[in-house]
Amino acid sequence: MNYGFNIIIQLFFFIFFSLSILGYGFFLKNRILRINFNFGETGILGFFALYIISVLINFFFAIDLYISLVVLFFGLILFLKNISNIYISKKLFFFLTFLTLFISSLTINLHDDHLLYQLPYINYKQEFKIIFGFVFLNDYLAYSHGLYDIMALFKLPFYENRLIFILPIIFFMFFIFSILDYFNKEHNILSTLIIFIILLTLFKFTRSKEFGTDVPVIGLLFLIQIYSLIYFFNNEKKYFYKMIVMFSLAAIFKIYSVLAIFYFFIFIKKFKIYLIDLFTKQKVIIIFLIFTSIVTFTKNFIHSGCLSYPATITCIDQKLIPWSAGKKLSNWRQEFLEAGVKGWNPYIRDNEYKIKMLPAEYNEKFKYNFHKNVFKDPDLERILVVALILMSTFALTISKNNGASAQYKPQNYNYFVVISFVPLILWFLLMPYIRYGGYAYLSFGMLILFYSFIFRSFNYSRIINFLLIIGIVFFLLKNFLRIDKEINSMSNFTLNSYKTKQSYPIPFFRDFEVKEKIIDEKRKIYISNHN
């Protein structure tokens, strides 16, 4: 098998994609926003720029292979023009982050939904320009798939879309780069949070398939929290602008990130001043965000007749807009999603599927006591793992007598506790699954609360170094064992095991076996034999 050659190919495109994305990040940072973002944040900005480019192109053209290549190589040119401006601190951590996350990308075990709507949506953008009423083909495809809009730009000759699933990993890599720059042993809470995030990554986010659109959004939420934390102690205006930009990108990716808007209350005393400054001295940021909103809402409206499907309140009546999903379909999907995040599946499963209950019926029956069903789900174990990592981080980074200067809790710290707890409470009441922002909302809220009782100096001890080394070894070992398992049980992870063996670790999803079926004596459909 050509495993070594294929790994080199994937490494080449991992680097090529990263550099091209960075090129667009530099362009957005230097030519438009003109805010001082660090290296990792610049990479995240590249994703933001590519989102707008992808949606704009698709208004008029299908994103075919030629367009993809032009976009990718132009990004590389932008990167080369800015290469002299690159500064990377903590080079050892940079290398370790790159190495560990690249190894996690070596897999054919893709996200469970990659054939349900991820690849179909990406293929749609590559084969057609935007379609009115797309919601009626498959309403999953009418969601605001921000990250998949970006992924549609990364089609390659020969490999086609087989390497696009490394993009969420690249996004998370830039996120880790960005927070490493903010690590400061003099800042107790910030340092504890960053250590926790790194440990969480090493012990929890070990599988590539976990890097769907949720983990990048969780990274953005952590970044917003870090900005609010730094501002609370330093009062630097630039973090207000950074929060606005990252919050906007997070909201485009996933709607549950809007709970992070409560972190903006940290600016309450100077909000009016900053807002005036934004509209007078930083007008380009406002123009950029308004333009992004118009582009996003226009795309959503064309697809579904809604500004944000399936939020029923944003949907236009079908009598006014014929292609609109309308109130009935959007309300049905909204009920379905609400039941899904409130324990409907564990409830049905716990009753061995003997009880048949529609989502709307479930939402009504368990309007106030749905948490007991949520806790029947394995997600509770994930919450406990997060809590264990968080408590371990507290224990390792707090010391009474570590020789450091005394730390005094600011007078308005309790206000910050309230701000940090509001998103946590709303998350728990509305969507208490850890992947819907819980990793960030729960961890940050508990961390800020913990320091309200024990406000002590940060202690970067040798034990933390040891734990980080153990974490890296655990991460790598788990991935090596996973790779070995995939190689030895190829048929369990792919529909085309023979061809995948030739291309591993690059996935192969072609040549599906289908059977033809005629409906109503005139409509022809194809059904996969791989059920």
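All values reported here derive from a predicted model rather than from experimental measurement. (Residues numbered from 1 in each chain as written. Predicted model: local features only at pLDDT ≥ 70, side-chain atom pairs only at ≥ 80, totals over all residues. Heavy atoms only, no water.)

Peer 1: Mind showing me how you'd approach the environment of Asn-38 here?
Peer 2: Relative to the assigned elements, Asn-38 resides in the loop between helix H1 (3-33) and helix H2 (39-60). Classification of Asn-38 as buried rests on a relative accessible area of 12%. Taking the C-alpha atoms as reference, Asn-38 lies 7.5 Å from Asp-181; in sequence the two are 143 residues apart. The residues touching Asn-38, leaving out its near neighbours within four places in the chain, are Ser-178, Asp-181 and Tyr-182. At a separation of 3.2 Å, a polar atom in the side chain of Asn-38 contacts the main-chain amide nitrogen of Gly-40. A polar side-chain atom of Asn-38 sits 3.1 Å from the main-chain carbonyl oxygen of Ser-178. (Helix = DSSP H or I, 4+ residues; strand = E, 2+ residues; numbered from the N terminus. Buried < 20%, exposed > 50% of the residue type's maximum accessible area, 1.4 Å probe, protein only. Contact = heavy atoms within 4.5 Å. Polar contact = N/O pair within 3.5 Å; in protein donor to acceptor, adjacent residues only side chain to side chain.)

Peer 1: Hey, could you run me through the packing of helix H11 (residues 271-280) against helix H12 (residues 283-304) in this one?
Peer 2: The geometry of a pair of packed helices is captured by two quantities: the angle between their axes and the separation between those axes. In the contact formed by H11 and H12, the axes pass within 5 Å of each other and the chain directions differ by 80°. Compared by their axis directions, H11 and H12 come out roughly perpendicular. The segment H11 lies against H12, with Leu-278, Phe-279 and Thr-280 engaging Lys-283, Ile-285 and Ile-286. (Axes fitted to C-alpha atoms, helices over the stretch in contact; angles between N-to-C directions. Parallel < 35°, antiparallel > 145°, perpendicular 65-115°, else oblique.)

Peer 1: For this particular structure, what's the right way to read the pattern of salt bridges?
Peer 2: Opposite charge on two side chains permits pairing when their charged atoms draw close. Tallied over the entire structure, the rule returns 11 salt bridges. Put simply, Asp-277 and Lys-237 hold a salt bridge, and the shortest N to O gap is 3.6 Å. Taken as a pair, Asp-277 in helix H11 and Lys-237 in the loop between helix H9 (214-234) and helix H10 (238-253) lie far apart in primary sequence, 40 residues in all. Residue classification places Asp-277 among the buried positions, given a relative accessible area of 7%. For Lys-237, a relative accessible area of 32% translates into the label partly exposed. For Glu-338, the salt bridge identified is with Lys-342, shortest N-O distance 3.1 Å. (Salt bridge = Lys/Arg side-chain N within 4 Å of Asp/Glu carboxyl O.)

Peer 1: Is there a simple way to explain the packing of H1 against H2 in this structure?
Peer 2: Where H1 contacts H2, the axes come no closer than 6 Å and their chain directions differ by 90°. By the angle class used here, H1 and H2 are roughly perpendicular. Note on element contacts: H2 touches H1 through Phe-39, Thr-42, Gly-43, Leu-45, Gly-46, Phe-47, Phe-48, Ala-49, Leu-50 and Ile-53, opposite Ile-21, Leu-22, Tyr-24, Gly-25, Phe-26, Leu-28, Lys-29 and Leu-33. Grouping the amino acids of the contact of H1 with H2 by side-chain chemistry returns 13 nonpolar, 4 polar and 1 charged. (Nonpolar A, V, L, I, M, F, W, Y, C, P; charged D, E, K, R; others polar.)

Peer 1: Looking at this model, I keep getting lost on the packing of aromatic side chains. Mind explaining?
Peer 2: Geometry of an aromatic ring pair is reported as the spacing of the ring centres plus the angle between the planes. Following the criterion strictly, the structure yields 64 aromatic pairs and no others. Relative to Phe-16, the ring of Phe-12 has its centre 6.2 Å away and its plane inclined at 10°; by these criteria the two rings are stacked. With Phe-12 and Phe-16 both in helix H1 and 4 residues apart, the pair spans about one turn of that helix. Here a set of aromatic residues connected by ring pairs shows up, and it is made of Phe-12, Phe-13, Phe-16, Phe-17, Phe-73, Phe-154, Phe-158 and Tyr-159. Positioned over the ring face of Phe-336 is Arg-333, at 4.8 Å from the centre of the ring. (Phe/Tyr/Trp six-rings, centres within 6.5 Å; stacked < 30°, edge-to-face > 60°. Lys NZ or Arg CZ within 6 Å of the ring centre and 35° of its normal.)

Peer 1: Sorry, what's going on with the state of the cysteines here?
Peer 2: Using the criterion set out here, one finds 1 disulfide in the structure. What pairs with Cys-306 in a disulfide is Cys-315, and their sulfur atoms sit 2.0 Å apart. Its torsion about the S-S bond being 105°, the disulfide of Cys-306 and Cys-315 is classed as right-handed. Assessed through its relative accessible area of 0%, Cys-306 is described here as buried. (Disulfide = S-S within 2.5 Å.)

Peer 1: Got a minute to help me understand helix H18 (residues 413-430) in this structure?
Peer 2: Note on helix geometry: an α-helix contains 3.6 residues per turn, so any two residues three or four positions apart are oriented the same way. End to end, H18 covers 26 Å across 18 residues, agreeing with the expected 26 Å (1.5 Å per residue, within 8%). Approximately 25° is the largest bend angle found in H18, and it occurs at Phe-421, with the proline Pro-423 only one to four residues beyond. (Expected span 1.5 Å × (residues − 1). Bend = angle between axes of the 7 residues up to and from the residue.)

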